[in-house]
Amino acid sequence: MALIDTINPLLTTGWAKGDAGWSLKDYEARGGYKQLRRVLESRMSQDDLIAEVKKSVLRGRGGAGFPTGLKWSFMPKAAPVKYVVCNTDEGEPGTFKDRDLMRFDPHSVIEGMIIAGYAVGAKAGYNYIHGEIFEAYQRFEEALDQARAAGYLGDNILGSGFSFDLFAHHGWGAYICGEETGLLESIEGKKGQPRYKPPFPANFGLYGKPTTINNTETFAAIPFILGMGGEAYLNLGKPNNGGTKLFSVSGHVNRPGNFEVPMGTPFAKLLEMAGGMRGGRKLKAVIPGGSSAPVLPANVIMDCTMDYDSIAKAGSMLGSGAVIVMDETVCMVKALERLSYFYYEESCGQCTPCREGSGWLYRVVHRIEHGEGRPEDLDLLNRVTDNMMGKTICALADAAAFPVRSFIKHFQSEFEYHIENKKCLVDPEVQRMGSGFFKAGNV
Amino acid sequence: MVEIEIDGKTLQVEDGSTVIEAAHKLGTYIPHFCYHKKLSIAANCRMCLVQVEKAPKPMPACATIVTNGMKVFTHSDLAIKAQKAVMEFLLINHPLDCPICDQGGECQLQDLAVGYGDSASKYEEEKRVVPDKDLGPLVSTDMTRCINCTRCIRFTAEIAGFMELGQSYRGERAEVMPFIGKTVDTELSGNIIDLCPVGALTSKPFRFAARTWELSRRKSVSPHDALGSNLIVQTKHDRVMRVLPLENEDINECWISDKDRFSYQGLNGADRLTKPMVKQGGEWKEVDWNVALDYAAHALRDVAKNHGGSAIGGLLSPHATLEEMFLAQKLLRGLGSENIDFRLRHTDFSGDGKRVGIPSLGMKIADISRLDRVLVVGSFLRKDHPLIAQRLRQSAKKGAEVSVLHSADDDLLIKLKACVFAAPSQLPAQFGQVAKAVCTIKSVAVPHFLGELVVSPEAQTIAESLVSGSNVGVLLGNFAQQHPQAAMLHALGRLVSKTLGGRLGFLGEAANSVGGYVAGAIPGTTGLNAAAMLADSRQAYVVLGAEPELDCANGAQALAALAKAAVTVVLTPFKSQAMLDYAAVLLPTTPFSETSGTFVNTEGRAQSFYAAAKPLGDARPAWKVLRVLGNLLDQSGFDYNSSEDVRTEALGGNPEFVAGLDNAVDGVVMKLAPTASGIERVSDVPIHFADPLVRRSLALQMAADSAAPAARMSAAMLAKLGVAAGADVRVGAGGTAIVLPAQLDAGLPDGTVRIAAAHASTVALGPLFANLTVEKA
């Protein structure tokens, strides 16, 4: 179970009792569904509601960081059929925050989605849940049953005249279904492949109808924003980076887990909350926003605060908030090989540059790692990534390219050593000691 | 309209156009693979990346919608770099086996690699290998060459109407494949060969037969269905090696049916008749042309002299050219016979003399796409008219309402508004209900013959749909034209279309269904029609291009009549055992590929073509044979120098569209009370059995559409008969019986059994429309 240590807990307030605190009565006991009741009873106007969310400067928690209120305002008012979709297809390596939200506080997501449905005028919603976290899917179905039985879902919710129903849909584990239009295709029963945009989902989404898609954490934040007011929420974080955010910290730390901190918290603080470096070893590098975010070396990340702007300025992305911490026992070539294999495996195969390029990248990195690298390989990798980036329908080609480019950029000498000496710079014995198979402190 | 600039040239294009469309308008070529003007936009190959001013990234020209003032650069450094990058990616896993690839020389990837590829690849890893798929007898696969452009997938889903191909697996392992254990069985499947920009999908019959640069090309016209699809016939050493579509947006667009594409195999078949033959003392002898022609001329002249011209009957194939039919009828009339007919599968000729003009589509083929309400009556539309079905499929997707009235529910892969399926004898009354409802809604006096009909809810729905349209079409299919009450169906179609200010159309049965009328290949007032001259057998027959046992409405009767005749002269490209049995003289004529001629298609467009190859052996174009016969019979007006001379005489000039088309009809006796009871035969003419040429294409005969006939019936009928699907049943009509396997067909009305016509195994059963006895065998 994830360890919880938070500053100003908001999203994670309900996590305290672990698996014992997710149900409807627990959620109601901590003030759940109060905001939905308030919105419906006060007949809050859709514009006011969206304005409040805009004020909070809540930015999409799935990775792209697009302002949520603005996204909602794109939904055409007049369209008769609209949908709200929640993206719980949490496939980004390093990310496990939505899993815990589903597990410990599913009703916050449900409440957020109903309110979103009200705001954009949708009568139905879907929550697309990653196939590998099937327990989360089952729990969400249970939570839906509870909400439906309590009258929070269905026709004429709380006697307001507003009707909204919500359905859970689980995927089968394809990373690409986390791309919002690939997700829509998958819900429609088709092969999960991103659509060419425009048209964007706000105009042509699920079943061709206007659709708002947000991340699980984004929806979960909505009731809290309405509870404290948009401005107060914004002030929790820093300008243009409103509120708190869940960070999934993994890797060579003593206490890996989910941590909720205000936007703008220094990385050093987050590392400290995660128990510091395992075995007291030296920090080598951090991937700050999930596997597709460019890696940052220790000296750079230690000067960053955890928010969209700071991480972007340092040359990476806050992404989904998956912080992968690597210590000095890590061979960066091997780490990249693993990442490249992932993108090679998960490319949907639709666009030529990604379908062909992701495999090419993996094979070259694999070769270098296995002592068969050539001096020209680093240039080749940079050239292939250059040819992939920005040339495909979705961002997966970029996601495959970023790690390669950033690993080479920041750790070029390690790659060169590998090619020249046909072995790792970091002694394999040290790598084995650093891996999770050995207890910290044995070093 | 918006104004955009491409490579410094400005132009006006319509709102919503894509950059690639705009560029094509300017004549600027943008390299592409997945884009196809008739298919949805996939934007997956990324070959068409271009630079758009202010866009940070290169944009796919196929999917980028133009905006006013947009500036596009197709050859800027950014664009060229992106295009070259994509080409490199496309080639790294491509086998580059061009020397052994059938696509070599006509390959989009090969061509574009010359422009955008490097001379050597930096990719030194192992290449991908993809297992080949079995798509059936027509399309060969080399899936390792596939670049996953998905054109074939989109074709099956969007044009053919059923997604028979899909992409499985992810990323580099993505594979295009059919459903597991299934083949691609659409009647349009060959088009995926043309669409495939690489050598992944190639023609199975053509495989390794020739290189594209060895082939001569001739424009031609399809000799099969009445669409008159434009073809490119490719030959090597005067042998037809391949047939491809010639794009004609007004007719076949850029498609052709598999029948048009693969029937050429029959041209080169072993049973081509290459020498004139004469039966002497029961023995067939190959003879010289002059001997055979003398024999034929004498025999015909003797019959005419001894028994009168009316003792001769002429059965002309509706697939014969205009020139052939014109000369044949002229010859027969010269011999004093008015017994001439090309409508071999018709059973109701009571409309003769009541039609105002020549029945035709009543509109241009392209107009079909503009109809917003359509009623198709009596048609196995998808198999009889694959590309007209395709047009209606696209219309229905855009909102046109298509309804069907027929005796069999074959999935048309068209979204239907409403449908009525009834036994053949009920069709006129069912159609009458629609007509009555239409009259009622439009407040037009209901004709007395409709008075007693009770309008069913389905008929009402069809009528309401038709009435709500502004461009209504009523289309009568082959089944309706062959129907025993064809004239009534015609009159009802006329009533409905006239009441709605819409159009009535006949979907022609064969390549020259309109041309036959134009050529005068129908009986004069004193003559016998096709059915009558077989029912009342003649002393002599002249058969042109047909196999009467398979091509006539009652094959058994045709065989009997021909066997009884003293002389049967057959002009035919093929010989068969049946012909050897009944004929006295076999004159080897050439199929469409070896003669010049004209087909008048269903819209009345006269399309002439030249021979694509020299006649095989001693075969000669039928128009030449008929001309010589005319001379030998001392008839006047047989001194033509060319087929063009014949055409000019037949058409009274050289018009693009023939004159005299009119679908009006007057004075048909209407009796709509359904008469028959018992078990009725529903007979279709399967797509690959419809004419002598297609019956001889080996590849097509292996296709799913060529399955041997069965006794198809509903589950209720099976239960009533107490037989299981697959068990044999004895089917009888008029005293003869045949044994066929019973087969479940949920699309058939109760009280009917569907038995395909035009197949040797069902000839003995006799007429297309009949009451049957069916029992356990």
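1. Observations concerning the nonpolar core
- In this structure, Phe33(B), Met47(B), Leu109(B), Phe155(B) and Leu381(B) are the most contacted members of the largest nonpolar core, which totals 67 residues.
- In terms of nonpolar packing, the next biggest core, distinct from the first, is built from 57 residues, Leu10(A), Val53(A), Phe140(A) and Leu166(A) among them.

2. Thoughts on the interface of chain B and chain A
- Contacts between chain B and chain A engage 36 residues on the former and 34 residues on the latter.
- Contact between chain B and chain A buries roughly 2900 Å² in total, counting both sides, with carbon and sulfur atoms accounting for 48%.
- It is Phe89(B), Arg170(B) and Glu172(B) in chain B that bury the most area against chain A; as a group they hold 26% of the surface buried on that side.
- Applying the counting rule to chain B against chain A returns 9 salt bridges.

3. Quick notes on the confidence of the model for chain B
- Taken as a whole, chain B shows an average pLDDT of 96; of its residues, 100% reach a score of 70 or greater.
- The ipTM value of the predicted complex is 0.93, and its pTM value is 0.95.

4. Focus: helix α1 (residues 19-26) of chain B
Residue and element names in this part refer to chain B.
- The complete set of buried residues in α1 reads Val19, Ile20, Ala22 and Ala23. For α1, the arc enclosing every buried residue in end-on projection is 160°, short of the 170-degree limit, so these residues lie on one face.
- Where α1 is buried, its residues meet β1 (2-6), β2 (9-13), β3 (49-52) and β5 (71-73).
- Downstream of α1 by a residue or two, glycine 27 has a phi angle that is positive, lying close to 80°.

5. Focus on the side chain of Asp341(B)
- With respect to the helices and strands, the residue Asp341(B) is situated in strand β16 (residues 340-341).
- At 2.8 Å, the side chain of Asp341(B) forms a polar contact with the side chain of Arg343(B).

6. As for the sheet that holds strand β19 (residues 416-421) of chain B
Residue and element names in this part refer to chain B.
- With parallel pairing, 5 strands are arranged side by side in an open sheet as β19-β18-β17-β20-β21. Strand pairing shows two members of the sheet lacking a second neighbour, β19 and β21 (503-506), which therefore form its edges. Across the sheet, the mean angle from the axis of one strand to that of its neighbour is 15°, orientation sign disregarded.
- Taken together, the 4 bridges between strand β20 (residues 472-476) and β21 define a ladder with parallel strand orientation. Bridge pairing in β21 places leucine 476 opposite phenylalanine 506.
- Packing against the sheet, helix α13 (residues 457-467) makes contact with β17 (373-377), β18 (401-406), β19 and β20, and its axis sits at approximately 140° to β19.

Basis of the calculations
- Residues numbered from 1 in each chain as written.
- Chains lettered and ligands numbered in written order.
- Predicted model: local features only at pLDDT ≥ 70, side-chain atom pairs only at ≥ 80, totals over all residues.
- Heavy atoms only, no water.
- Core = buried A, V, L, I, M, F, W, Y, C linked by side-chain atoms within 4.5 Å.
- Buried < 20%, exposed > 50% of the residue type's maximum accessible area, 1.4 Å probe, protein only.
- Contact = heavy atoms within 4.5 Å.
- Buried area = accessible area lost by both parts, 1.4 Å probe.
- Salt bridge = Lys/Arg side-chain N within 4 Å of Asp/Glu carboxyl O.
- pLDDT = per-residue confidence, 0-100.
- Helix = DSSP H or I, 4+ residues; strand = E, 2+ residues; numbered from the N terminus.
- Arc of directions from axis to C-beta.
- Polar contact = N/O pair within 3.5 Å; in protein donor to acceptor, adjacent residues only side chain to side chain.
- Pairing = 2+ DSSP bridges.
- Axes fitted to C-alpha atoms, helices over the stretch in contact; angles between N-to-C directions.

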